[in-house]
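Commentary on secondary and tertiary structure
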Amino acid sequence: MAKVEIKQPIVDEIKSYAADAKAAVLVDYRGLTVEQDTRLRRQLREAGVVYKVYKNTMLTRAFEGTDFDQLDKDLEGPTAIAFSSEDETAPARILYEFSKEAEQLQFKSAVVAGTYYDEDGIKTLAKIPSRDTLISKLLGSLQSPVTNLARVLNQIAEKGGASAEASEPAAEEAAAPAEEAEATAAE
């Protein structure tokens, strides 16, 4: 069996991840303990991010003709890659947060939505909230004026109801002297 035949399924696997991915982040994982690596993989998996270690030559072959071929220049030394097909910022955000406690984890580069980012760019991306968080903030800010308007209208309605009730006795009191004046004039 030729080496190419053995390697082709691996290249195909990488291609399938890349085909669906909105983002891919390369890191150098040297120096992580087994416990740290296990914890990192769990966090990424829970966020729907695929995290794998491949040979650089396999990644290079799989990336040919895709947006991810921009990562080829950073494929040196041990490399792990995190693919996300749902949230563009999830790999960068999770890896960045994890790197705060595991300083051995070093960013190489990333491609997000077809754009190449270096190490500093990844750190900037990591600070962007998730898509779901941004949507909920947007909905909250859209809902806030409507809620405030409803609250104000409700208060006006409550005051209007109270002032209408309060004005009935005042109207009766105002009507009483007029009736007395009419009765006096009639005599």
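Turning to the pattern of salt bridges, a few remarks are in order. As enumerated under the stated definition, the model contains eight salt bridges in all. Here Arg41 makes a salt bridge to Asp37, at a shortest N to O gap of 2.8 Å. With Arg41 and Asp37 both in helix H2 (residues 34–46), this residue pair falls four residues apart, about one helical turn.

A word on the packing of H2 against helix H4 (residues 90–101). Following both chains from N to C, one finds H2 and H4 inclined at 155°, their axes separated by 10 Å at the closest point. The orientation of H2 relative to H4 falls into the category roughly antiparallel. At the point where H2 passes H4, the crossing takes the right-handed sense. Contacts from Gln36, Arg39, Leu40, Gln43 and Leu44 in H2 reach Ile94, Leu95, Phe98 and Glu101 in H4. Here the residues of the contact of H2 with H4 sort into five nonpolar, two polar and two charged.

Counted at 1.5 Å a residue, the expected span for H4 with its 12 residues is 16 Å, and the 18 Å between its end C-alpha atoms agrees. For H4, the secondary structure elements touched by its buried residues are strand S1 (23–28), H2, strand S2 (49–53), strand S3 (80–84), strand S4 (106–112) and helix H5 (119–126).

Another point: the sheet that holds S4. Spatially, S2-S3-S1-S4-S5 is the arrangement adopted by the five strands of the open sheet, whose pairing is antiparallel. The open sheet has two edge strands, S2 and strand S5 (115–117), and neither has a second partner. Direction aside, the axes of adjacent strands within the sheet are offset by 15° on average. Relative to S5, S4 runs antiparallel, the two being bridged by three bridges. Residue pairing in the sheet places Val111 in a bridge with Tyr116 of S5.

Two elements in contact, H4 and H5, have axes whose closest approach is 8 Å; the angle formed by their N-to-C orientations is 100°. Compared by their axis directions, H4 and H5 come out roughly perpendicular. Residue-level inspection shows Ala92, Arg93 and Tyr96 of H4 in contact with H5, the latter providing Ile122, Lys123, Leu125 and Ala126.

In this structure, Val25, Val27, Leu40, Tyr51 and Leu95 are the most contacted members of the largest nonpolar core, which totals 24 residues. At the level of secondary structure, the elements contributing two or more residues to this core comprise S1, H2, S2, S3, H4, S4 and H5. With six residues, the single largest contributor to this core is H4. With near-sequence residues (within four places) excluded, Val25 lies in contact with Ala80, Ile81, Ala82, Pro91, Ala92, Leu95, Phe107, Ser109, Ala110 and Ile122. Counting 17 residues, the second largest nonpolar core, distinct from the first, contains Val11, Ile14, Ala18 and Phe68.

Conventions used here
- Residues numbered from 1 in each chain as written.
- Predicted model: local features only at pLDDT ≥ 70, side-chain atom pairs only at ≥ 80, totals over all residues.
- Heavy atoms only, no water.
- Salt bridge = Lys/Arg side-chain N within 4 Å of Asp/Glu carboxyl O.
- Helix = DSSP H or I, 4+ residues; strand = E, 2+ residues; numbered from the N terminus.
- Axes fitted to C-alpha atoms, helices over the stretch in contact; angles between N-to-C directions.
- Parallel < 35°, antiparallel > 145°, perpendicular 65-115°, else oblique.
- Left-handed = near helix turned anticlockwise from the far one by under 90°.
- Contact = heavy atoms within 4.5 Å.
- Nonpolar A, V, L, I, M, F, W, Y, C, P; charged D, E, K, R; others polar.
- Expected span 1.5 Å × (residues − 1).
- Pairing = 2+ DSSP bridges.
- Core = buried A, V, L, I, M, F, W, Y, C linked by side-chain atoms within 4.5 Å.
- Buried < 20%, exposed > 50% of the residue type's maximum accessible area, 1.4 Å probe, protein only.

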